[in-house]
2 protein chains.
Amino acid sequence: MLLRKPALDPQTVPAISRSSYPEPYRARVLPREVRRLGEALGLTRIGVNVATLLPGKESSMRHWHTHEDEFVYVLQGELLLRTNGGEQLLSAGMCAGFVAGTEDGHQFVNRSDRPASYLVIGNRDPQDTAYYADADVDLMWSPPHARGKMTRGDGTPL
Amino acid sequence: MLLRKPALDPQTVPAISRSSYPEPYRARVLPREVRRLGEALGLTRIGVNVATLLPGKESSMRHWHTHEDEFVYVLQGELLLRTNGGEQLLSAGMCAGFVAGTEDGHQFVNRSDRPASYLVIGNRDPQDTAYYADADVDLMWSPPHARGKMTRGDGTPL
């Protein structure tokens, strides 16, 4: 039976495969399937996505947020979490939380041979900036002088 | 292998069975198992709980929030969602979202014969008040004159 709002079957939400990253980072995350559940439900104070990563793909480059808490729950498959503390393998039913303002970049990598799916949820804050943690990643998201834009790490346009 | 923060195995978080409801509502929600994942992870801008409802139990009385979006994802079993639009049965993998300020009370009821588990996540806003929707429920949560307290529907102390 088809659910109607405020209920929702995630599979009825179109899967999108887009990224604001330039190359060479873009190819590390795409193609992918992201379903914007929160947007489909009309939520504005939290963002809720369900994403599926194919083998070899990364959820994002390692980053941390200044004003947004982020929560991830693994629904299917296995994902490797990379942070300053090293690597940890998360299977279905495991979760992780990234505290706003904690300067420890995170990303998930699918190093398995099958797709992995996860829920990712965070508060939305117009003050938010994301900094990228790996030395080979020259990116910054939504710095105070360029809200909502991806720039180089020094804040200059891409 | 034991996960360490920022990762977390939900089963390692103590299950609590508490409610700020007075009787007769209290017996409609307890006993239950709630694990405060967001708190265990140090998150403060979003609240994240995983809850298990036994057969016959209700997630809460029907309510809506003035300043907090709420998102629910069913992990296991089946839950009946009750809103102004009627009843809908949500199985594992289905979700629902309740927009802050939308005056449509919701609750989940386990009408099945086995436990049902779900994730529930929302932003945290100190301005939030929750109003209760069913005529037989004389409650109000955190009204502006009594922040963080449960009162009667007319705002007087319980």
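Shown above is the structure to which this text applies.
First things first, this report covers the structure right here in the doc.

This next bit is on the overall build of chain A. Within chain A, the secondary structure is distributed over 2 helices and 13 strands. At 16 Å, chain A has a C-alpha radius of gyration in line with the 15 Å of a compact globule built from 158 residues. Taking the principal axes of its C-alpha atoms as reference, chain A extends roughly 50 × 35 × 25 Å. Counting only residues that meet the buried cut, chain A has 54% of its 158 residues in that class. Once local pairs closer than 6 in sequence are excluded, the contacts in chain A between residues at least 24 apart make up 60%. Surface exposure of chain A reaches about 7,200 Å², of which carbon and sulfur atoms provide 50%. Chain A carries 18 positive and 19 negative side-chain charges, and their two centres are separated by 7 Å.

Right, let's talk about the relation of the copies chain B and chain A for a bit. The two copies are related by a screw motion: chain B maps onto chain A through a turn of 180° and a shift of 0.0 Å along the axis, at an RMSD of 0.0 Å. The superposition of one copy onto the other is thereby described by a two-fold rotation axis. In terms of proximity to the rotation axis, the leading residue of chain B is Asn123(B), whose C-alpha is 2.9 Å off the axis. Most of the interface of chain B is mirrored in chain A: 100% of its interface residues are interface residues there too.

It is worth spelling out the packing of aromatic side chains at this point. Residue and element names in this part refer to chain A. Applying the stated criterion to the full structure yields 10 aromatic pairs over all chains. Aromatic pair Phe108 and Tyr118: ring centres 6.1 Å apart, planes at 25°, arrangement stacked. Residue Phe108 is found in strand β9 (residues 107-109), and its partner Tyr118 is found in strand β10 (residues 116-123); the two are separated by 10 residues along the sequence. Residue classification places Phe108 among the buried residues on the basis of a relative accessible area of 2%. In textbook terms, an aromatic cluster arises when at least three aromatic residues are bridged by ring pairs, as seen for Tyr21, Tyr25 and Tyr132.

Further remarks concern the pairing of strand β3 (residues 46-53) of chain A. Residue and element names in this part refer to chain A. Judged by how many residues are buried, β3 sits mostly within the fold: 7 of 8 residues are covered. Of the pairings in the sheet, the one linking strand β2 (residues 33-36) to β3 comprises 4 bridges and is antiparallel in character. Looking at the pairing, Glu33 lines up with Thr52 of β3. The pairing of β3 with β10 spans 8 bridges and is classified as antiparallel.

Ordered by their spatial adjacency, 6 strands build an open sheet running β2(A)-β3(A)-β10(A)-β5(A)-β8(A)-β1(B), and the pairing between neighbours is antiparallel. This sheet does not close on itself; its edge strands, each paired only once, are β2 of chain A together with β1 (7-8) of chain B. Inspection of the sheet shows strand β5 (residues 70-76) of chain A paired to strand β8 (residues 95-98) of chain A by 4 bridges, in the antiparallel sense. Across the sheet, residue Glu70(A) finds its bridge partner in β8(A), namely Phe98(A).

A few words on the interface of chain B and chain A. How big an interface is tends to be reported as the loss of accessible area on association of its parts. Each partner contributes to the interface: chain B provides 44 residues, whereas chain A provides 45 residues. Both faces combined, the contact of chain B with chain A buries some 3,400 Å², and carbon together with sulfur accounts for 66% of it. Per-residue buried area on chain B facing chain A is highest for Pro6(B), Arg45(B) and Gln88(B); these three make up 19% of the total on that side. At the boundary of chain B and chain A, one finds 2 salt bridges. Arg45(A) serves as the salt-bridge partner of Asp125(B), at 3.7 Å between the closest nitrogen and oxygen.

Before going further, it helps to examine the environment of Leu79(B). Residue and element names in this part refer to chain B. Position of Leu79 relative to the elements: it lies in strand β6 (residues 78-83). Separated by 71 residues in the primary sequence, Leu79 and Met150 place their C-alpha atoms 26 Å from one another. With near-sequence residues (within four places) excluded, Leu79 lies in contact with Leu53, Val74, Gln88, Leu89, Leu90, Phe108, Val109, Asn110, Ala116 and Tyr118.

Once that is clear, we can look at the side chain of Lys57(A). Residues and elements named next belong to chain A. Within the secondary structure layout, Lys57 lies in the loop between β3 and β4 (63-65). In this structure, Lys57 is buried with no salt-bridge partner, the nearest side chain bearing the opposite charge being Glu58 at 8.0 Å. Those residues within four positions of Lys57 in sequence are excluded, and the remaining contacts are Ala27, Arg28, Val29, Leu30, Pro31, Phe108, Val109 and Asn110.

This part takes up the sheet that holds strand β11 (residues 130-132) of chain A. All names here are of chain A. Taken in spatial order, the 4 strands line up as β4-β11-β12-β13 in an open sheet, and their pairing is antiparallel. Both outer strands of the open sheet, β4 and β13 (150-151), are each paired with one neighbouring strand and no more. Note that strand β12 (residues 140-141) and β13 share 2 bridges and pair antiparallel. Following the sheet pairing, Met140 is matched in β13 by Thr151.

Conventions we followed
- Every chain is numbered independently, its residues counted from 1 as its sequence is written.
- The naming scheme follows written order: chains are lettered A onward, ligands numbered 1 onward.
- Reporting in this predicted model follows two pLDDT cut-offs: at least 70 for local features of residues, and 80 or more for side-chain atom pairs to be given and counted; totals over whole chains, interfaces and linings ignore these cut-offs and use all residues.
- Note that the side-chain values use all heavy atoms of the structure and ignore hydrogens as well as water.
- Only DSSP runs of H or I with at least four residues qualify as helices, and only runs of E with at least two residues qualify as strands; both kinds are numbered from the N terminus onward.
- Here the globule rule is a power law, 2.2 Å times the number of residues to the power 0.38, and the radius of gyration is based on C-alpha atoms.
- Relative accessible area decides the class of each residue, using a 1.4 Å probe on protein chains only: under 20% of the type maximum gives buried, over 50% gives exposed, and in between gives partly exposed.
- The contact rule is simple, with two residues in contact once any of their heavy atoms fall within 4.5 Å.
- Accessible surface is estimated by sampling points in the Shrake-Rupley manner with a 1.4 Å probe; for residues, cover comes only from the protein chains shown.
- Lys and Arg are tallied as positive, Asp and Glu as negative. Neither His nor the chain termini are counted.
- Each charge is placed at NZ for Lys, CZ for Arg, CG for Asp and CD for Glu.
- The least-squares superposition of copies is restricted to C-alpha atoms, and to residues with a pLDDT of at least 70 in both copies.
- Between 30 and 60 degrees the pair is tilted, below 30 it is stacked and above 60 it is edge-to-face, where a pair is any two Phe, Tyr or Trp rings, Trp via its six-membered ring, whose centres lie within 6.5 Å.
- Whether two strands pair comes down to DSSP finding at least two bridges between them.
- In this description, buried area is defined as the sum, over both parts, of the accessible area (probe of 1.4 Å) that is lost when the two are combined.
- By salt bridge we mean one thing: a side-chain nitrogen of Lys or Arg within 4 Å of a carboxyl oxygen of Asp or Glu.

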